[in-house]
Amino acid sequence: MAARKLLVLFGSQTGTAQDTAERIGREAKRRHLQCAVEALDSYDVANLINELLVVFVCATTGQGDPPDNMKLFWRFLFRKNLPPGSLCRLDYAVLGLGDSSYPKFNFIAKKLHKRVLQLGGNPLLPVALGDDQHDLGPDAVVDPWLVALWDKILMLYPLPPGLEIISPDVRLPPKYTLHYVAEDSLQPNGVLLQPTAPRAAPSELCPFAAPVVSNQRLTAQSHFQDVRLMEFDITGSGITFSAGDVVMVQPQNCPEDVQQFCQLLRLDPDRHFVLKPTEPGTALPALLPQPCSIRHLVTHYLDISCVPRRSFFQLLSCFSTSELEREKLQEFSSAQGQEELYSYCNRPRRTTLEVMWDFPHTTCAIPPEYLLDLIPRIRPRAFSIASSMLAHPDRIQILMAVVRYKTRLSKPRRGLCSTWLASLNPEQGDVRVPLWVKKGGLKFPSDPDTPVIMIGPGTGVAPFRAALQERVAQGRRGNCLFFGCRQKSKDFYCQAEWEELVAKGFLTLFTAFSRDQEEKVYVQHRILENRRLVWELLSSRNAHVYLAG
């Protein structure tokens, strides 16, 4: 009989597809299947011809693009020279996660399903199209689809005689075991700081610790929104970029939250541990040093300020020592309890840490080794680069709105990354931010005579500031910018810069200040008023139009 082996491969941008893939991995283990869960780009795609059973879980990003961690796989799969029957041994299923408010809804999942079919794969089920817009989120599609999938898989690979499906109430072993190390066995300064001059170009696995040069508020103190222009020093990093590129920043939790978390779980933040995988072949988390302190784990790795997913409540219920708390957690993780979970968690944007406060008996019973199964890692945040290397060599600047808003919870909600960045004060010593650069979606014309029309309301103007600095340094005219904000006196970012470029003949500027008069005026009104100019640039000068919001 064939080995009962399942491979789950995911392409995930925000973590939802990864979360779903890991859920399938857990459900496979309950059915006594050997199961590996991997990002598509971590998997050696040449092995796909030897696989017998694969479930693909993939998101669609942007305008029908594959997530970053499946781009290499995607390129390989669509190579023209792959023989049509190369995947004829493969039984497969594709689960897509998308958002039907976008025109290319679940485009990647549909295309992947079709391509594997072309290469001879045998689909176990039609492609599942999870939709974020559904009242119950993607689970409305995912739950029934998984029931059908397990029926199909258990027909092909029946349970070995004498074995039952492991009940959901039984706790599966953790992904890693955690072993505390004696303090005297630690090297002095046990934290592995990366060298200041990394050999490879900085990346997610090896970010560059860039000193903060300046952190300046651009909006008036009386304005409701705090917007910063921040500058980082990238001297010696090997980073290069052009207008339209994106800087990725790895944020961290604030010390107060870290302290609260450790108190709730009765953890000593200064203890060090090493991780060992429970199953051979499981890679250790790439971004954690070994040995690692609890403080480092909670500050830099565990996303305790994210809104927890359904899987969090499912696992949490397994640790509960309080019947009342356990019943509530089980309800939140059941299919029937999703509306209630949504109004408890998603609508008010309740954080993981706040949920733990609400379930104190359960929280203090969480074994530390389960923390990495329970709480996802902190994801990097992307910012449009707002400066050009031609104008500011060895520097990266970003334009950042500090995220802060109210929900029905008494404490205002704060964005993890923007709140942390805004708190950094370079005058208080050497303050550093882990960052790296990614190619962006905006490409500016290489022909010096092609005019550009840029529409950038609010902080959407950031990539156009980079483009203007670059184009002015190259002596290119034909730059037209539509900028919009609320009030000229309060949030007209970089006003002096734009006015200087207008005076020098490098820029045609149109502004819309929505609240400076009785009727609201937005950038689209200014485009309409100047339609003759816009049409002339498009029809006779082949202008490129860019929009960022």
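This is a predicted model, so every value here is computed, not measured. Per chain, residue numbering runs from 1 following the sequence as it is written. Note on the predicted model: pLDDT of at least 70 is required for a residue's local features to be given, and 80 or more for side-chain atom pairs to be given and counted; whole-chain, interface and lining totals, by contrast, use all residues. Each side-chain value is worked out from all heavy atoms of the structure, with water and hydrogens disregarded.

**Student:** Help me out: how do you make sense of the overall build of the protein chain in this one?
**Tutor:** A tally of helices and strands in the protein chain yields 18 helices and 21 strands. The C-alpha radius of gyration of the protein chain comes to 26 Å, within 12% of the 24 Å expected for a compact globule of 549 residues. Projected onto the principal axes, the alpha-carbon positions of the protein chain cover approximately 85 × 60 × 50 Å. To sort residues, take the accessible area from a 1.4 Å probe on protein chains only and compare it with the maximum for the residue type: under 20% means buried, over 50% means exposed, and anything in between is partly exposed. The proportion of buried residues among the 549 residues of the protein chain is 49%. Each helix is a run of DSSP H or I of at least 4 residues and each strand a run of E of at least 2, with the numbering of both proceeding from the N terminus. When we talk radius of gyration, it's over C-alpha atoms, and the globule rule is simply 2.2 Å times the number of residues to the 0.38.

**Student:** Would you explain the sheet that holds strand β12 (residues 292-293) in this entry?
**Tutor:** The strands making up a sheet associate through backbone hydrogen bonding, with each pair oriented either parallel or antiparallel. Between any two strands, at least two bridges found by DSSP are needed for them to pair. Strands sit in the order β7-β11-β12 across an open sheet of 3 strands; the sheet is antiparallel. Edge positions in the sheet fall to β7 (176-180) and β12, since each has one partner strand and no second. Here strand β11 (residues 272-277) pairs with β12 via 2 bridges, running antiparallel. Across the sheet, His272 pairs through a bridge with Ser293, a residue of β12.

**Student:** Honestly, the domain arrangement of the protein chain in this entry has me stumped. Any pointers?
**Tutor:** Interface size is commonly expressed as the accessible surface area that is lost when the partners come together. Its domain assignment divides the protein chain into domain 1 (5-156), domain 2 (208-251 + 380-438), domain 3 (255-374) and domain 4 (452-547). The C-alpha-based centres of domain 2 and domain 4 are spaced at 23 Å. Contacts between the two partners involve 21 residues from domain 2 and, on the opposite side, 18 residues from domain 4. For any pair of parts, buried area is found by adding up, for both, the accessible area (1.4 Å probe) each one loses once the two are put together. Taken together, both faces of the contact between domain 2 and domain 4 bury some 1,600 Å²; the carbon and sulfur share is 65%. Within this document, salt bridges are pairs made up of a side-chain nitrogen of Lys or Arg and a carboxyl oxygen of Asp or Glu, the two lying within 4 Å of each other. Where domain 2 packs against domain 4, one counts 0 salt bridges. Polar contact is the term for a pair of N or O atoms within 3.5 Å; when the atoms are in protein, one must be able to donate a hydrogen and the other to accept it, and sequence-neighboring residues count only if both atoms are side-chain atoms. Our count for the contact surface shared by domain 2 and domain 4 stands at 5 residue pairs in polar contact (both at pLDDT 80 or more). No other element matches strand β14 (residues 395-401), which puts 3 residues into the side of domain 2 that touches domain 4. All amino acids are sorted into three groups, where Ala, Val, Leu, Ile, Met, Phe, Trp, Tyr, Cys and Pro are nonpolar, Asp, Glu, Lys and Arg are charged, and the leftover types, Gly among them, are polar. The residue makeup of the side of domain 2 that touches domain 4, split by class, is 12 nonpolar, 9 polar and no charged. Where each domain begins and ends is defined by an automated method or by a domain database. Should any heavy atoms of two residues lie within 4.5 Å, those residues are considered in contact.

**Student:** Explain unusual backbone geometry to me, please; I cannot follow it from the model alone.
**Tutor:** Note: most residues except glycine have negative phi, and most peptide bonds are trans. Between Gln290 and the following residue, Pro291, the backbone shows a cis peptide bond with an omega angle of -10°. Looking at the element boundaries, Pro291 is found in the loop between β11 and β12. Although it is not a glycine, Asp394 adopts a positive phi angle of roughly 65°. Among the structural elements, Asp394 can be located in the loop between β13 (381-384) and β14. Overall, the relative accessible area of 36% leaves Asp394 in the partly exposed class. In the Ramachandran plot, Cys494 falls in the positive-phi region, its phi being about 60° despite a non-glycine side chain. Position of Cys494 among the secondary structure elements: in the loop between α15 (488-491) and α16 (495-503). Here Cys494 falls in the buried class, since its relative accessible area comes to 11%.

**Student:** I tried to follow the packing of aromatic side chains on my own but got confused; where do I start?
**Tutor:** Each pair of aromatic rings is reported with the distance of its centres and the angle of its planes. The criterion for an aromatic pair is that two Phe, Tyr or Trp rings (for Trp, the six-membered ring) have centres within 6.5 Å, with stacked assigned to planes under 30 degrees apart, edge-to-face to planes over 60 apart and tilted to the rest. Taken as a whole, this structure holds 12 aromatic pairs when the rule is applied. Ring plane angle 85° and centroid distance 5.4 Å describe the contact between Phe312 and Phe313, whose orientation is recorded as edge-to-face. Comparing Phe312 with Phe313, the two get one shared label, buried. Between the aromatic rings of Phe313 and Tyr344, the centroid separation amounts to 6.4 Å while the plane-to-plane angle is 75°, which identifies the pairing as edge-to-face. Placement of the pair is Phe313 in helix α7 (residues 310-319) and Tyr344 in helix α9 (residues 338-346), with a sequence separation of 31 residues. Residue class for Phe313 comes out buried when judged on its relative accessible area of 0%. For Tyr344, a relative accessible area of 13% puts it in the buried group. Put simply, the rings of Phe312, Phe313, Phe332 and Tyr344 pair up and form one aromatic cluster. Over the ring of Phe107 we find Lys104; its NZ or CZ atom is 4.8 Å from the centre of that ring. In this scheme, Lys NZ or Arg CZ marks a charge over a ring once it lies within 6 Å of the ring centre and within 35 degrees of the ring normal.

**Student:** For this particular structure, what's the right way to read a positive patch on the surface?
**Tutor:** Only residues above 30% relative accessible area that lack a salt bridge enter a patch, with like-charged residues linked at up to 9 Å and the nonpolar side chains Val, Leu, Ile, Met, Phe, Trp and Tyr linked at up to 5 Å. Here the accessible surface of atoms and residues is derived via Shrake-Rupley with a 1.4 Å probe, and residues count as covered only by protein chains that are part of the display. This count recognises Lys and Arg as positive and Asp and Glu as negative, with His and chain-terminal groups excluded. Taken as the charge location is NZ of Lys, CZ of Arg, CG of Asp or CD of Glu. On the surface, a cluster of positive charge is contributed by Arg404, Lys406, Lys411 and Arg414. Among the structural elements, Lys406 can be located in the loop between β15 (404-405) and β16 (413-414).

**Student:** Can you walk me through the side chain of Asp491 in this structure?
**Tutor:** Inspection of the secondary structure puts Asp491 in helix α15. Here Asp491 sits buried without a salt bridge, and the closest side chain of opposite charge, Arg486, lies 5.5 Å off (N-O distance). Among residues more than four places away in sequence, those in contact with Asp491 are Thr219, His223, Phe483, Cys485 and Arg486.

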